[in-house]
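Chain and residue survey
Here's the letter readout for the chains.
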There are 4 protein chains.
Amino acid sequence: MNGSEARIGSKHSKILGDATGHFLAGSFILILGLWWSTKSILKYICKQQKRSSSLITPKFFSRAEILEGIVISVMALIGIIGLFSRFGKIKTLPPEHIQLAKILHWQHVTMYTVLIMLGVTKVLCFTISSLPMSLIKLMASNAFFVEAFIFYNHPRSNALLDKFLHHQLNLGAFLTGLAAFIEFLLTKNNVVLELLTSSFAMLQGACFLQIGFVLYPTNIEHAWDLNDPNNSMIFSTLFGAYYASIYVIIGVNYALVSWFIKLKLSKPCPSEIQSLKNYEQHEDSEDDM
Amino acid sequence: MNGSEARIGSKHSKILGDATGHFLAGSFILILGLWWSTKSILKYICKQQKRSSSLITPKFFSRAEILEGIVISVMALIGIIGLFSRFGKIKTLPPEHIQLAKILHWQHVTMYTVLIMLGVTKVLCFTISSLPMSLIKLMASNAFFVEAFIFYNHPRSNALLDKFLHHQLNLGAFLTGLAAFIEFLLTKNNVVLELLTSSFAMLQGACFLQIGFVLYPTNIEHAWDLNDPNNSMIFSTLFGAYYASIYVIIGVNYALVSWFIKLKLSKPCPSEIQSLKNYEQHEDSEDDM
Amino acid sequence: MNGSEARIGSKHSKILGDATGHFLAGSFILILGLWWSTKSILKYICKQQKRSSSLITPKFFSRAEILEGIVISVMALIGIIGLFSRFGKIKTLPPEHIQLAKILHWQHVTMYTVLIMLGVTKVLCFTISSLPMSLIKLMASNAFFVEAFIFYNHPRSNALLDKFLHHQLNLGAFLTGLAAFIEFLLTKNNVVLELLTSSFAMLQGACFLQIGFVLYPTNIEHAWDLNDPNNSMIFSTLFGAYYASIYVIIGVNYALVSWFIKLKLSKPCPSEIQSLKNYEQHEDSEDDM
Amino acid sequence: MNGSEARIGSKHSKILGDATGHFLAGSFILILGLWWSTKSILKYICKQQKRSSSLITPKFFSRAEILEGIVISVMALIGIIGLFSRFGKIKTLPPEHIQLAKILHWQHVTMYTVLIMLGVTKVLCFTISSLPMSLIKLMASNAFFVEAFIFYNHPRSNALLDKFLHHQLNLGAFLTGLAAFIEFLLTKNNVVLELLTSSFAMLQGACFLQIGFVLYPTNIEHAWDLNDPNNSMIFSTLFGAYYASIYVIIGVNYALVSWFIKLKLSKPCPSEIQSLKNYEQHEDSEDDM
């Protein structure tokens, strides 16, 4: 087996597993993780400083969650539509690749479906008050666990680097699911745990982008040798480096949000503090059930 | 090794591991999971809406639990009787299959025995008030862990798909046991966690049915090729799809139960609220011990 | 590789790893597990029924714990003395076995040392009131984890059954350590969790005895074929059967203790209830630290 | 493959992975673990005995934490500077080792960077009061998990003992990370859990020192045979023995600190008790957020 075989592997992937797909999915999850971290920091600082304003109210958070649910659902739906729009092209492939391409197609459809379910759950839980809030965290955990499970059984070429990078992605998805599941179990809001979940989501997004750059290079001449064992060690180092960078990003984000709150928001009037407290009690009482 | 060998593998399974056995076990666990989810939803809505009636009282739940325990025990007993009624036929097998058939026999007897123990524990805990309630959850967890352990050491043919489908079943049983164990550890009733356990039980039931359909096909001509690696990827996708469908089923179930409660039940009279509260306190005090 | 090689494997074990050693260790852990379950049940029923007497007082439990610590230490010390009394014989072995025998010797010494540390910790924590009680559970967890780690790196013959039975023992030790660690983490006394730990300890004891019977048979003619894969499936079934039996034993134990308490103990006088409460508060306050 | 190849393996390591590096890292982590255990014991005894003095005040602990953070950062920075000072020498290596040496270089830089982040987080959390305290524990957990991940993907020779000793180090790092993560999840201060984390840190330090002694021996003639399977069993026994010794060290440490406190500190005046309480409440309220 040599590099040329791995290229063949990347050739048949042009249908579904091309660079564009990985870039889109990666960017989306990266931005989602960044938004989650921003949301958690915002909530934490608002609670701690007991500041509020006409902008950042409990209602604002509720609406933001509903909007987030809708965006996740729509993005995943666009993904599914994109997949089906390319479904016809599968028949034009060489016969030995048709079945594999179909499997890939349905695997991606399943992953997007679970994401849609997460989005819909989010919208439902924030509109129907009788539903338990912790359902959202369970669905988030499920979505990433199902993703990790499917990536574990992903059709892959035999190239060493292809396997290694997908294992990293798999690890990223599993860790995101695990952190979301721990959040679900603990029920009490814990800002650091929420940041952990969002950091793993960003890590996973970075892995997606990495796969896009490494396995589907635009410039074939500077492409990585997919079967050099040293490369897998380089990428394991990068994995650690990404994770460290993500913490720096979250730190900078914390500083920015903190500065923004101090700049813009005045001390809340008593009625707003009251509504904030009610909101918290509302959340807690739902957690207790 | 080829497909024909796998058929031989399925031939010797006609004694104990035939399609009927897998269908029965699968249907039972599927229905059990569905009942568990219905019970949890019913309890949750009753608690939340503080509604009660002459039908849905704390006593009703107690009796339902006892009935459930009896049904589990009886079903498992029927399974054991069925196994022993076929035990005589083992001697008529070709000599090289006799030992394997005996091992299979005793493995299934062990699994059913642990299920009977779960049923008996349920009945005992709801009739003898001094026993701790959390024992039921531990026994449920044990029953599924023992099942997972035995499936892990199950005699299997070398066919790729046979192994893969049993690994999925194994995963389903392990996850059910794990979710039940987490329920046991947390002690506080958490509806979403209960739904998680029941969803894994349903997933496990679906895996049982899948094995029945795939490994013991009624129409040999349309049978799956048990050694095609692509098939294992197809079934991993289906595994994710089942899990997503189960959540849709639970969602529909929630809507139905919610609608049923709103339709049938009036606001409870004060005395019933009191008895409901007593019941909860009773449960909590037992958990604290 | 055939059966005769496995016999050679058992021959060199005559120094340290003979049947007697496994029987002694197995019986000790089995009795320890049984005592732990009795102790937990006794405590639970006394707390629940708020009964006490001149016999079963908080002081009785304290003394029982100290006695248990001394017994564990002395038993482990006897084990170490037994090992060193045989240490001289190692030189009489064929040269190729000397190093292996020395390794086995030191591995067993390490395991016994950790057990002594558990015993000493128990005595210290119940005599010096300033030490945290949860230290005992951590040391119990450590003792079994170290045992599991060392068994994982145990010198073994290549016989299939030798490996499989030691893996079961390994699993038993790991599960005991895990249950003890969960007990340590939860800090609150939970009778069912304590029973789980003691059930795993008994399971581990049963595995020790099994190894004694299977790998070092008294009657060579009826010895198990150590390389038959079917045998490993038989023993996995037995593992499940042992575990089920242990629950029956614990159940019978519960009934006996419950009957004994009802028969012997009268309702406690108020002062005794008070001292019982003090004892509990004492325990709780120590847990909180 | 034989011993001489393993020597070659250790030859190319002279650039970065030499004995000095392992001794420095090992000693640092060993001392860090010892300091952590001393700090935990000191806090525990002060809280329990409600003693305080002009020396051991809440302020003292705050300053000690900040100092610890600075020391960790500076030590890791020295490590990075040391690595870059040797970076130039890589070009003088034989061409086949240059890439491997570069990978090793960057892997170590990543590990030190994560340690710096832990130190900086510690300083920030104890100077900026609005930051959540649990962030420190998460960063400690992260630092060790990243270390374990990178060690898992470390370039290694094929020598059996090289692999085994690095797996032990890996296990030590993973366990330290896991214990720190459990500390993070439980939020409440638990002295025994803190001692567990510090014991694993010391274990990891011992593994570092062991690698320094075994893989880079000063006296080649008495060097270990890196490919003898028996040696791996010897080191697994030593691993258990180290762990047992560490508990003895912690026990002695406890006795010494306890004796020191009794000797030096008088009963605190009421105002100091008050400030101690305020400090605890401050910590608790931060945990709740």
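Residues numbered from 1 in each chain as written. Chains lettered and ligands numbered in written order. Predicted model: local features only at pLDDT ≥ 70, side-chain atom pairs only at ≥ 80, totals over all residues. Heavy atoms only, no water.

Right, let's get into the overall build of chain A. Within chain A one finds 9 helices and 0 strands. Each helix and strand of chain A, ordered N terminal to C terminal, gives the series α-α-α-α-α-α-α-α-α. The proportion of buried residues among the 289 residues of chain A is 57%. Considering only intrachain contacts with a sequence separation of at least 6, the fraction spanning at least 24 residues in chain A is 81%. (Helix = DSSP H or I, 4+ residues; strand = E, 2+ residues; numbered from the N terminus. Buried < 20%, exposed > 50% of the residue type's maximum accessible area, 1.4 Å probe, protein only. Contact = heavy atoms within 4.5 Å.)

Residue and element names in this part refer to chain A. Under the present numbering, the feature "transmembrane region" (unreviewed entry) in UniProt falls on residues 23–45, 66–85, 105–128, 135–152, 164–186, 193–213 and 233–257. As a span, residues 66–85 carries 100% helix and 0% strand, and end to end its C-alpha atoms are 28 Å apart. Strand forms 0% of residues 135–152 and helix 100%; the C-alpha atoms that close the span are 25 Å apart. (UniProt positions renumbered as here; feature names shortened; annotations may be inferred.)

Let us now look at the state of the cysteines. Under the defined criterion, the tally for this structure stands at 0 disulfides over all chains. Between Cys125 of chain A, a free cysteine, and Cys46 of chain B, which holds the nearest cysteine sulfur, the sulfur-to-sulfur gap is 20 Å. (Disulfide = S-S within 2.5 Å.)

A few words now on the relation of the copies chain D and chain C. Each copy of the sequence occupies a distinct position, and chain D is placed on chain C by a rotation of 90° and an axial shift of 0.0 Å, giving an RMSD of 0.0 Å. Such a combination of rotation and displacement between the chain copies is what one expects of a four-fold axis. Minimal C-alpha separation from the rotation axis in chain D is found for Leu186 of chain D, amounting to 6.7 Å. (Least-squares fit on C-alpha atoms with pLDDT ≥ 70 in both.)

This paragraph deals with the confidence of the model for chain A. Residues and elements named next belong to chain A. Residues with a pLDDT of 70 or more make up 82% of chain A, whose mean pLDDT is 80. Residue range residues 1–16 is modelled with pLDDT below 50. Its contacts to residues more than four positions away, or to other chains, number 31 contacts. Confidence drops under a pLDDT of 50 for residues 280–289, and excluding neighbours within four residues, the segment shows 13 contacts in the predicted structure. As scored by the predictor, the complex reaches a pTM of 0.84 and an ipTM of 0.80. (pLDDT = per-residue confidence, 0-100.)

Before going further, it helps to spend a moment on the nonpolar core. The biggest cluster of nonpolar side chains holds 288 residues, and the ones touching the most others in it are Leu196 of chain A, Leu196 of chain B, Leu196 of chain C together with Leu196 of chain D. When near neighbours in sequence (up to four residues on either side) are disregarded, Leu196 of chain D contacts Leu138, Asn142 and Phe181 of chain C together with Ala179, Tyr243 and Tyr247 of chain D. (Core = buried A, V, L, I, M, F, W, Y, C linked by side-chain atoms within 4.5 Å.)

Bringing the interface of chain D and chain C into the picture now. Counting from both sides, the interface comprises 28 residues of chain D and, opposite them, 27 residues of chain C. Summing both sides of the interface, chain D and chain C together bury roughly 2300 Å²; the carbon and sulfur share of this comes to 72%. The three residues of chain D that bury the most area against chain C are Val192, Met233 and Thr237 of chain D, which together make up 23% of that side's buried surface. Here chain D and chain C share 0 salt bridges between them. (Buried area = accessible area lost by both parts, 1.4 Å probe. Salt bridge = Lys/Arg side-chain N within 4 Å of Asp/Glu carboxyl O.)

Here we come to the interface of chain D and chain A. With 28 residues of chain D at the interface, the matching set in chain A holds 28 residues. Interface area, chain D with chain A, both sides summed: about 2300 Å², of which 72% is carbon and sulfur. Linking chain D to chain A there are 0 salt bridges. Linking chain D with chain A are 4 residue pairs in polar contact (both at pLDDT 80 or more), by the criterion used here. Of all the secondary structure elements, the ones that give two or more residues to the side of chain D that touches chain A are helix 4 (95–127), helix 5 (134–152) and helix 6 (160–186) of chain D. Ranked by the residues each element gives to the side of chain D that touches chain A, the list is headed by helix 5 of chain D, at 8 residues. Its residues assigned to classes, the side of chain D that touches chain A comprises 17 nonpolar, 10 polar and 1 charged. (Polar contact = N/O pair within 3.5 Å; in protein donor to acceptor, adjacent residues only side chain to side chain. Nonpolar A, V, L, I, M, F, W, Y, C, P; charged D, E, K, R; others polar.)

All right, on to the side chain of Thr176 of chain A then. All names here are of chain A. For Thr176, the location among the structural elements is in helix 6 (residues 160–186). Its relative accessible area of 0% is what places Thr176 among the buried residues. Within polar-contact distance, the side chain of Thr176 engages the backbone oxygen of Phe200 at 3.5 Å. Apart from residues no more than four positions distant in its own chain, Thr176 is found in contact with Phe144, Thr197, Phe200, Ala201 and Gln204.

Now for helix 8 (residues 229–264) of chain A. In this model, helix 8 of chain A (36 residues) spans 52 Å end to end at C-alpha, consistent with the 52 Å of a helix rising 1.5 Å per residue. The backbone nitrogen of Asn230 of chain A has a side-chain oxygen 3.0 Å away, supplied by the residue at the start of helix 8 of chain A, namely Asp228 of chain A. (Expected span 1.5 Å × (residues − 1).)

Another point: helix 6 of chain D. In this model, helix 6 of chain D (27 residues) spans 39 Å end to end at C-alpha, consistent with the 39 Å of a helix rising 1.5 Å per residue. Following helix 6 of chain D by one or two positions, Thr187 of chain D has its phi on the positive side, about 60°.

So, about the side chain of Gln204 of chain C. With respect to the element layout, Gln204 of chain C can be found in helix 7 (residues 191–215). Non-local contacts of Gln204 of chain C, meaning those with residues more than four positions away in its chain, are made with Ile29, Phe144, Glu147, Leu169, Gly172, Ala173 and Thr176 of chain C.

In this section: the packing of helix 4 (residues 95–127) of chain B against helix 5 (residues 134–152) of chain B. Residue and element names in this part refer to chain B. The geometry of helix 4 relative to helix 5 is characterised by a closest axis approach of 9 Å and an angle of 175° between their N-to-C directions. It follows from the interaxial angle that helix 4 and helix 5 lie roughly antiparallel. For the pair formed by helix 4 and helix 5, the contact residues are Gln107, Thr110, Met111, Val114, Met117, Leu118, Thr121, Lys122, Cys125 and Phe126 on the first element and Leu135, Ile136, Met139, Ala140, Asn142, Ala143, Val146, Glu147, Ile150 and Phe151 on the second. A per-class count over the contact of helix 4 with helix 5 returns 14 nonpolar, 4 polar and 2 charged. (Axes fitted to C-alpha atoms, helices over the stretch in contact; angles between N-to-C directions. Parallel < 35°, antiparallel > 145°, perpendicular 65-115°, else oblique.)

What follows deals with the environment of Ile98 of chain D. All names here are of chain D. Looking at where Ile98 falls in the secondary structure, it is placed in helix 4. Note: C-alpha distance between Ile98 and Tyr247 (149 residues apart in sequence) is 42 Å. Those residues in contact with Ile98, other than ones at most four positions away along the chain, are Ile90, Lys91 and Leu93.

Glancing now at the packing of aromatic side chains. Any two aromatic rings considered together are summarised by their centre-to-centre distance and by the angle between their planes. Counted under the stated rule, the structure contains 40 aromatic pairs over all chains. Residues Phe239 of chain A and Phe149 of chain D carry aromatic rings whose centres are separated by 4.8 Å and whose planes lie at 35° to one another, so their mutual orientation is tilted. Here Phe239 of chain A, found in helix 8, pairs with Phe149 of chain D, found in helix 5, and the two come from separate chains. Each of the two residues, Phe239 of chain A as well as Phe149 of chain D, counts as buried. Here Trp36 of chain B and Phe144 of chain B contribute two aromatic rings whose centre-to-centre distance is 6.3 Å and whose plane-to-plane angle is 85°, an arrangement assigned as edge-to-face. Pair noted here: Trp36 of chain B is in helix 2 (residues 19–49) and Phe144 of chain B is in helix 5, with a separation of 108 residues, a long-range link. One exposure class covers both Trp36 of chain B and Phe144 of chain B, and it is buried. The ring of Phe61 of chain C carries the charged tip of Lys43 of chain C above its face, separated from the ring centre by 5.9 Å. (Phe/Tyr/Trp six-rings, centres within 6.5 Å; stacked < 30°, edge-to-face > 60°. Lys NZ or Arg CZ within 6 Å of the ring centre and 35° of its normal.)

We now examine the packing of helix 5 (residues 134–152) of chain A against helix 6 of chain A. Residue and element names in this part refer to chain A. Relative orientation of the contacting elements helix 5 and helix 6 amounts to 160°, with a least axis distance of 8 Å. As far as their axial angle goes, helix 6 and helix 5 are roughly antiparallel. Classified by chirality, the crossing of helix 6 by helix 5 is left-handed. Along its contact with helix 5, which presents Ser134, Lys137, Leu138, Ala140, Ser141, Phe144, Phe145, Glu147, Ala148, Phe151 and Tyr152, the element helix 6 presents His166, Leu169, Asn170, Ala173, Phe174, Thr176, Gly177, Leu178, Ala180, Phe181, Glu183 and Phe184. A class-by-class count of the residues in the contact of helix 5 with helix 6 yields 14 nonpolar, 6 polar and 3 charged. (Left-handed = near helix turned anticlockwise from the far one by under 90°.)

Glancing now at the environment of Gly251 of chain B. Residue and element names in this part refer to chain B. Relative to the assigned elements, Gly251 resides in helix 8 (residues 229–264). Under the relative-accessibility criterion, Gly251 is labelled partly exposed at 37%. The spacing of Gly251 and Ser37 is 214 residues in sequence and 10.0 Å in space, taken between C-alpha atoms.

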